[in-house]
Structures are given as C-alpha cells and as structure tokens.
Amino acid sequence: MKLLVTGGAGFIGSNFINYWLKNYPDDFIVNLDKLTYAGNLENLKDLKNNQNYKFIKGDICDFDLVNELISDKVDLIVHFAAESHVDRSLMSSRDFVRTNVEGALSLLDAAKNNGGVRFHHISTDEVFGDLSLAGKAFTEKSPYNPRNPYSASKAAADHLVRAYYHTHGLPVTISNCSNNYGPYHFPEKMIPLFITNLLEGKRVPLYGDGKNIRDWIYVDDHNRGVDFIIKKGKIGETYCLGGNGEITNIELTKKILKLMDKGDEMIEFIEDRPGHDLRYAMDYSKAKNELGWQPQISLEQGLAQTIDWYKNNRQWWQNVKSGDYQEYYKKQYQGNV
Ligand code: NAD
Ligand code: DAU
C-alpha cells in the first residue's frame, strides 16, 4: 500500500510514520510537510536509509503539488498537517484557517480528482468545546461547539471531510482524539514545556488556577487507534479516541514535579488563557466496541517514559528551543518564567 502522510515531520505525524513502517515495512510512505517551526526532520532520522520512505517539502495548500503526488498511485491519505497550538491561534489566526481549512480542502479535491482516494482526517476533541465538571464525556454524537480559532478551523475541516463523503462519495473517516504526549512533542505544549523547563532549572507556567482538565493519551496509543480505523473503520464514520487520562493541570504538574524530584515552589501561576476550555474528556466506547481498540499505556507509565526521553534527547529539544522559539516564549510568558 502507498500512503501520503501530511504533516509527518510534526509530533504525532512523525511518531505515526515511525510506527507504521515498523509494523508494515512493505508499505511505502510519502511524507508531505512544509517544515514550519513545528516540523523537524530529526524526528525521522531512523528512516534515512529506508527505501520505502520519501520526504517532500511542500504546502498542502498547493493543489497542483498534492494532486501530482496523489496521482502517483496513492492508496491512502492520512492527514495530520495543521497549525496545532491553541495559544498561537490566539495571537494570530490566519495561518490556522489557511492550513487547517484551505489545506484540507486542497487535499480533499485532489483525492476526489484522482478517483476517490481513501482519506483519513486526524481531528481533535476540541471541536466539541467545553465540558462542565458534571458533563458526560464527548461521544461521536456530541454537538460541535469549537471555542477558539484553532478548534474552529479543525471543526471546519471535519465538516468539509463529511461534506465530501455525502456529496462526492469520497471514502473518508475521521478520528477525534484527546491530548497527546510522548517523544518529539514540541515544547510549546504543556507537558514537554514543563519537562524541559524543569531540566533547565526554570519554573513551569500554569494558567489560571490550574483546575482545567485534559484527557491525556500516549501518542502511540493514538496512532494505534488510527491504524485500527484505517484497517477496520466504517467509511463515512467518526471515531473518538481518548486516553483514560483525565486529570487537572495542577495534579498533572505535581506528578511531573514528583517524577523529576522537584518541589511545588517550581510552579508559577500566570494569567489564564483567554476562553480557556475547562474540561475535555472522551468516551471511546465506539472505537472499543466496533474496532477492538483501547489505550494501553497508563498516564503514570507514559509520563515516566516521556520524561526519560527528554532527559536522553537534550540536543533535540535544546535545538528546538533556540531561534524563533525564544521570540514566541517571550511574547507568550512575558518574562514570568
Ligand atoms: P505539530 O504542530 O507538531 O505538527 C504539525 C506538522 O504539520 C508540522 O510538521 C508542520 O510543519 C506541518 N504543517 C503545518 N502547516 C503545513 C502546511 N500548510 N503544509 C504542509 N505541512 C504543514 O502538530 P501535532 O501535535 O503533531 O498534531 C498533528 C495533528 O493532530 C493536527 O491535525 C492536530 O490538529 C491533531 N491533533 C493533535 C493533538 C495533540 O494533542 N497534539 C490531539 C488531537 C489531534
Ligand atoms: O485536546 C486536543 C488538543 O490538545 C489538540 O487538538 C491540540 O493540537 C493540542 O495542542 C492540545 O491542546 P491544549 O490547548 O489542550 O494543549 P496545551 O498543551 O497547550 O495545554 C494543555 C493544558 O495546559 C491546557 O489546559 C492549557 C494548560 N497550559 C498550557 C501551557 C502551554 C498551561 O497551564 N500552561 C502552559 O504554559
């Protein structure tokens, strides 16, 4: 099988490519990535001599390019490429709409143009909006209620994917997943930011009162879920994937501090994120009952593994934290940490 993976130099996409070629070494993967600040070919260094892997630097919004790539006998498109960071979407939203909406459209058109190529869209639990503490976890039937520019752009892409299924019969599936963590996670996101700050002897910036809740899933569990959907999912359907990892940000921070032998004095409470969704939680019963998928890695195990990875890969994150990242950090944290 020949796959076109978009955004394969980012966090989840690179873990996906590494996972896929380990499990299906006879498949061929073309990785199309623009190499924005978040794309890093170091994540794929183990594939340098792999004959079944090819990297193309390019933009998913470039229809001629994606059309040409897909026309070369691609059987399956797995679409990860996106602007993915909520805080950046609050600073400036344009790139989010361009890549996440127009980019998805360009891929859908090219998939349709080439006889209806199978298309899997990697989406997020954030499209469902904000859950109260007493609210039931999101399911595939939850209404869409995106509340920040990032989630609004992902919701728009989900709608386009479904529209192409209903109007053009494009063979699509969608997965909406909760918060991922693991190796190669860009240190603008909470877990890798906190781990690397602590490794640098810096404090960790916790937004608001730290009571917001996220449902954390180890990245390999997510990618195994995508594999199950690709192999066994029903065309036209959506699957929610979650990690059984609901926890408040303050509790998670304390777990990280304990695992890294640091005290609570390393926490710096800072101004809250505007429009900060209180809680995300995923009910993944459909994926469990219909596909036989469930997460396998507990938060305790995954966090310990992830901390070890950042300890053993200092060069990777020190490179990532240099250059443009410094500008972003100053702007976002305004000298607070
Ligand atoms: P990331 O920011 O680490 O990686 C995104 C990748 O897309 C980068 O390699 C970047 O260079 C590439 N890219 C950006 N714009 C592009 C363009 N116009 N053309 C080609 N490539 C482009 O993101 P991630 O955290 O790995 O997320 C991957 C996908 O998973 C996204 O669609 C995101 O919405 C979704 N998702 C993420 C999470 C999470 O917790 N990180 C959870 C659920 C869903
Ligand atoms: O839920 C899935 C989503 O998870 C994905 O769709 C997004 O692409 C991904 O970035 C992630 O979004 P979040 O906003 O939930 O992740 P982030 O790591 O930015 O923040 C996690 C929580 O931690 C959130 O409640 C905000 C808080 N936070 C984050 C940062 C960066 C802090 O308290 N301090 C911080 O410095």
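Small disclaimer: the values here were computed from a predicted structure and weren't measured.

A. Focus on the site of ligand 2. Around ligand 2 sit 25 residues, and of these Asp125, Tyr150, Asn179, Arg273 and Tyr333 come closest. Measuring from an oxygen atom of ligand 2, one finds a side-chain N or O atom of asparagine 179 at 2.6 Å. The contact in question runs from an oxygen atom of ligand 2 to an N or O atom on the side chain of arginine 273, over 2.6 Å. Relative to its unbound accessible area of 690 Å², ligand 2 is 94% covered by the protein chains.

B. Up close: the sheet that holds strand S1 (residues 2–6). With parallel pairing, seven strands are arranged side by side in an open sheet as S3-S2-S1-S4-S5-S6-S10. The two strands at the open ends of the sheet, each matched to only one other strand, are strand S3 (53–57) and strand S10 (238–241). Between one strand axis and the next, the sheet turns through 20 degrees on average, direction left out of account. One ladder, built from four bridges, connects strand S6 (residues 172–177) with S10; its direction is parallel. Residue pairing in the sheet places asparagine 176 in a bridge with cysteine 240 of S10. Along the sheet face, helix H2 (residues 63–71) touches S1, strand S2 (28–33), S3 and strand S4 (76–79) and points at about 180 degrees away from the line of S2. Running at roughly 155 degrees to strand S5 (residues 118–124), helix H5 (residues 149–168) makes contact with S5, S6 and S10 of the sheet.

C. Looking closely at the nonpolar core. If you look at the biggest cluster of nonpolar residues, it comprises 37 residues, and the most contacted ones within it are Ile191, Ile195, Trp216, Leu252 and Ile256. Beyond its immediate stretch of four places on either side in the chain, isoleucine 195 contacts Ile256, Met260, Thr306, Ile307 and Tyr310.

D. Quick look at unusual backbone geometry. Of note in the backbone geometry, asparagine 244 takes a positive phi value of approximately 60 degrees without being a glycine. On the secondary structure map, asparagine 244 appears in the loop between S10 and strand S11 (246–248). Given a relative accessible area of 63%, asparagine 244 falls into the exposed group. One non-glycine residue, aspartate 261, lies in positive phi territory at about 55 degrees. When its relative accessible area of 72% is taken as the criterion, aspartate 261 is described as exposed.

E. Quick look at the side chain of aspartate 158. Along the chain, aspartate 158 falls in helix H5. Buried within the structure, aspartate 158 lacks any salt-bridge partner; arginine 162 is the closest side chain of opposite charge, at an N-O distance of 4.8 Å. Excluding residues within four positions of it along the chain, aspartate 158 makes contact with His121, Ser123, Val127, Tyr144, Ile174 and Asn176.

F. How the structure looks around the site of ligand 1. Surveying the vicinity of ligand 1 reveals 28 residues, the closest of which are Ile12, Asp33, Ser84, Tyr150 and Lys154. Measuring from an oxygen atom of ligand 1, one finds a backbone N or O atom of phenylalanine 11 at 3.0 Å. Taking asparagine 180, its main chain carries an N or O atom lying 2.9 Å from an oxygen atom of ligand 1. Against a free-state accessible area of 840 Å², the protein chains account for coverage of 96% of ligand 1. Contributing elements (two or more residues each) for the shell around ligand 1: helix H1 (11–23), S5, H5 and strand S7 (179–181).

G. Region of interest: the sheet that holds S11. An order of S7-S9-S11 is seen for the three strands of this open sheet, with the pairing classed as mixed. A strand with exactly one partner marks an edge of an open sheet, and here the two such strands are S7 and S11. For this sheet the average axis-to-axis angle between neighbouring strands, irrespective of direction, equals 50 degrees. Strand direction decides the pairing type here: strand S9 (residues 213–218) and S11, joined by three bridges, are antiparallel. Residue pairing in the sheet places aspartate 215 in a bridge with glutamate 246 of S11. Contacting S7 and S9, helix H7 (residues 219–232) crosses the sheet at an angle of about 75 degrees to S9.

H. Representation of the pattern of salt bridges in the model. Summed over the entire model, instances satisfying the criterion amount to 17 salt bridges. Residue arginine 88 is joined to glutamate 188 by a salt bridge in which the shortest nitrogen-to-oxygen separation is 2.6 Å. Remark: glutamate 188 occurs in the loop between S7 and helix H6 (190–199) and arginine 88 occurs in helix H3 (residues 86–91); sequence separation between them is 100 residues. Take arginine 88 and glutamate 188: they sit in the same class, and that class is buried. Two residues, glutamate 237 and lysine 286, come together in a salt bridge whose shortest N-O distance is 2.6 Å.

So, how was this worked out
Residues numbered from 1 in each chain as written. Chains lettered and ligands numbered in written order. Predicted model: local features only at pLDDT ≥ 70, side-chain atom pairs only at ≥ 80, totals over all residues. Heavy atoms only, no water. Near = heavy atom within 4 Å. Polar contact = N/O pair within 3.5 Å; in protein donor to acceptor, adjacent residues only side chain to side chain. Areas by Shrake-Rupley, 256 points an atom, 1.4 Å probe, with all protein chains shown as cover. Pairing = 2+ DSSP bridges. Helix = DSSP H or I, 4+ residues; strand = E, 2+ residues; numbered from the N terminus. Axes fitted to C-alpha atoms, helices over the stretch in contact; angles between N-to-C directions. Contact = heavy atoms within 4.5 Å. Core = buried A, V, L, I, M, F, W, Y, C linked by side-chain atoms within 4.5 Å. Buried < 20%, exposed > 50% of the residue type's maximum accessible area, 1.4 Å probe, protein only. Lys, Arg positive; Asp, Glu negative; His and termini not counted. Salt bridge = Lys/Arg side-chain N within 4 Å of Asp/Glu carboxyl O.

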